[in-house]
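A closer look at the structure
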Amino acid sequence: MLRSLILAAAGNHTLRTALTSVPGSRGLVRRFVAGDTVDDAVATAAALVADGLAVSLDHLGENVTDADGAEATVRAYLELLHRLHAAELAPRAEVSVKLSATGQSVHEELALENASRICAAAEQAGTTVTLDAEDHTTTDSTLRVLAELRRSWPSTGAVLQSHLRRTEQDCRALAVRGSRVRLCKGAYAEPSEVAFADPREVALSFVRCANVLLAGPGYPMFATHDPRLVDIVTERARWFDREPGSFEYQMLYGMRPAEQRRLVAEGATVRVYLPYGSDWYGYLLRRLAERPANMAFFLRSLVSTR
Ligand code: FDA
């Protein structure tokens, strides 16, 4: 119930304006977001890489509704990739892209064209792109764009969400050689016709999907902070004789940092999803919806400014 309310607030314009102007919100934002600028992003990525972690950087922004906004997204990624290359952070630092920020709602062709420019720049910089998953109305379109991108850039990564009923099938289709697939639970409010509502069913689906991905010849990326799922993935990877470098764990910046470093110390590849930019509202609300403890931290940071 609380989760649905918070996710509904993610699309509320008035609340967005109010919350982004509250001074205390900056404290929470800083916990989950590298900062507003590309300098902040590169400096934070460098510190994480120095700690043995890999990184996927996300220029915050989504639901762009015109070609100019989409162009601004592309330019931000081109600048970021140039800076990652100059700082010699690639290939430990790749980028995550939301197609809704590259013009998907304007036209799928525009999103494909823009994502292609980002993939080409990533290749030049010596790194890769992963297409984030958004709400279920975009899944078919995103997978079509992915298939096109993979013709020229086969290492382009996909994200599949275990809360969607279709995802086990999508995992089978993408568990192929050279394919990089990030498996997560899914952060968007979805109707029960297309998604499991019960957290237990979502977790069970995650395990079924993990089995499919680990059994195949692709490169699975398990994006979860859920301690039970981390343990299960570790056990399943052993069962499928997966070497440490043949799959990875992924967690969000600011979430379970000690666990991220524990896994690295055990020889695992761990990638931190690192967002940056000023358009942090939707991202932050999804983090609040996932974890009541984040909400408590948020309320405390508001109170502490008074
Ligand atoms: P969840 O939040 O369900 O928590 C399960 C249990 O884990 C909790 O009950 C608690 O016990 C424990 N736990 C969780 N956080 C903890 C903490 N900080 N400390 C201690 N225990 C904790 N979504 C999407 O729709 N599209 C996308 O492209 C992506 N991309 C993405 C990348 C990466 C790297 C990550 C980690 C996640 C995403 N997501 C995403 C978000 C994802 O779908 C999901 O919403 C969140 O990861 C929350 O689900 P979890 O599996 O992490 O555990």
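Structure: see above.
Now for a description of the structure that goes with this document. (Residues numbered from 1 in each chain as written. Predicted model: local features only at pLDDT ≥ 70, side-chain atom pairs only at ≥ 80, totals over all residues. Heavy atoms only, no water.)

**As for the nonpolar core**
Core analysis: the biggest nonpolar cluster contains 63 residues, and L57, L80, V95 and F222 have the highest contact counts within it. Dropping the residues within four chain positions of it, L80 is found in contact with V38, V42, L57, V95 and Y276. (Core = buried A, V, L, I, M, F, W, Y, C linked by side-chain atoms within 4.5 Å. Buried < 20%, exposed > 50% of the residue type's maximum accessible area, 1.4 Å probe, protein only. Contact = heavy atoms within 4.5 Å.)

**Digging into the site of the ligand**
Near the ligand there are 23 residues, and of these K185, G186, T224, H225 and E290 occur at the shortest range. Contact between the ligand and R182: a nitrogen atom at 3.1 Å from a side-chain N or O atom of the residue. For the ligand, whose accessible area on its own is 950 Å², the fraction buried by protein is 79%. Of all elements in the fold, only β4 (157–161), β5 (180–184), β7 (248–252) and α12 (281–290) reach the threshold of two or more residues within the shell around the ligand. The greatest single-element share of the shell around the ligand, amounting to three residues, is contributed by β7. Among the residues forming the shell around the ligand, the class breakdown is ten nonpolar, five polar and eight charged. (Near = heavy atom within 4 Å. Polar contact = N/O pair within 3.5 Å; in protein donor to acceptor, adjacent residues only side chain to side chain. Areas by Shrake-Rupley, 256 points an atom, 1.4 Å probe, with all protein chains shown as cover. Helix = DSSP H or I, 4+ residues; strand = E, 2+ residues; numbered from the N terminus. Nonpolar A, V, L, I, M, F, W, Y, C, P; charged D, E, K, R; others polar.)

**Description of the pairing of strand β6 (residues 219–223)**
Of all five residues in β6, four are buried, a share of seventy percent or more. In this sheet, β6 lies alongside β5 in parallel orientation, the contact comprising four bridges. Residue pairing in the sheet places V181 in a bridge with P220 of β6. Bridge analysis of β6 against β7 gives three bridges, and the strand direction is parallel. Looking at β7, one finds that F222 is bridged to Y249. The handedness of the β6 to β7 crossover, carried by helix α10 (residues 227–239), is right-handed. (Pairing = 2+ DSSP bridges. Right-handed = clockwise from strand over helix to strand, strands pointing away.)

**Focus on the pattern of salt bridges**
Here the structure, examined in full by the defined rule, presents 19 salt bridges. We note a salt bridge from E168 to R172, for which the minimum N-O separation is 2.9 Å. In this pair, E168 and R172 are both assigned in helix α8 (residues 167–174), four residues apart and thus about one turn of the helix distant. Judged by relative accessible area, R172 falls into the partly exposed class, the value being 45%. With its nearest N and O atoms 3.0 Å apart, the salt bridge here joins E266 to R262. Within this structure, E71, R75 and R117 form a network of salt bridges that share partners. (Salt bridge = Lys/Arg side-chain N within 4 Å of Asp/Glu carboxyl O.)

**Notes on the state of the cysteines**
As enumerated under the stated definition, the model contains zero disulfides in all. The thiol sulfur of C209 is not disulfide-bonded, and the nearest other cysteine sulfur, from C171, lies at 3.8 Å. Note on C209: relative accessible area 0%, which makes it buried. (Disulfide = S-S within 2.5 Å.)

**Structural notes on helix α4 (residues 38–50)**
In an α-helix, one full turn covers 3.6 residues, which means residues spaced three or four apart are oriented alike. In this model α4 runs 18 Å from its N-terminal to its C-terminal C-alpha over 13 residues, within 8% of the 18 Å that 1.5 Å per residue would give. Taken as a whole, α4 has its buried residues at V38, A41, V42, T44, A45 and L48. Taken around the axis of α4, the buried residues stretch over an arc of 170 degrees, which confines them to a single face. Exposed positions of α4 whose direction lies more than 90 degrees from the buried face are A43 and A50. Of the surrounding elements, those touching the buried residues of α4 are β1 (54–59), α5 (67–86), α11 (257–265) and β8 (270–276). Phi turns positive, to about 90 degrees, at G52, one or two residues after α4. (Expected span 1.5 Å × (residues − 1). Arc of directions from axis to C-beta.)

**Digging into the pairing of β8**
The buried fraction of β8 amounts to seven of the seven residues, a majority that puts the element mostly inside the structure. What you see with β8 is no split at all: V270, V272, L274 and Y276 on one side and R271, Y273 and P275 on the other are buried throughout. Sheet topology places β1 next to β8; six bridges connect them, and they run parallel. Counted as the bridge partner of A54 is R271 from β8. Across four bridges, the pairing between β7 and β8 is parallel. Residue pairing for β8: Q250 is matched across the bridge by R271. Handedness of the β7-α11-β8 crossover: right-handed.

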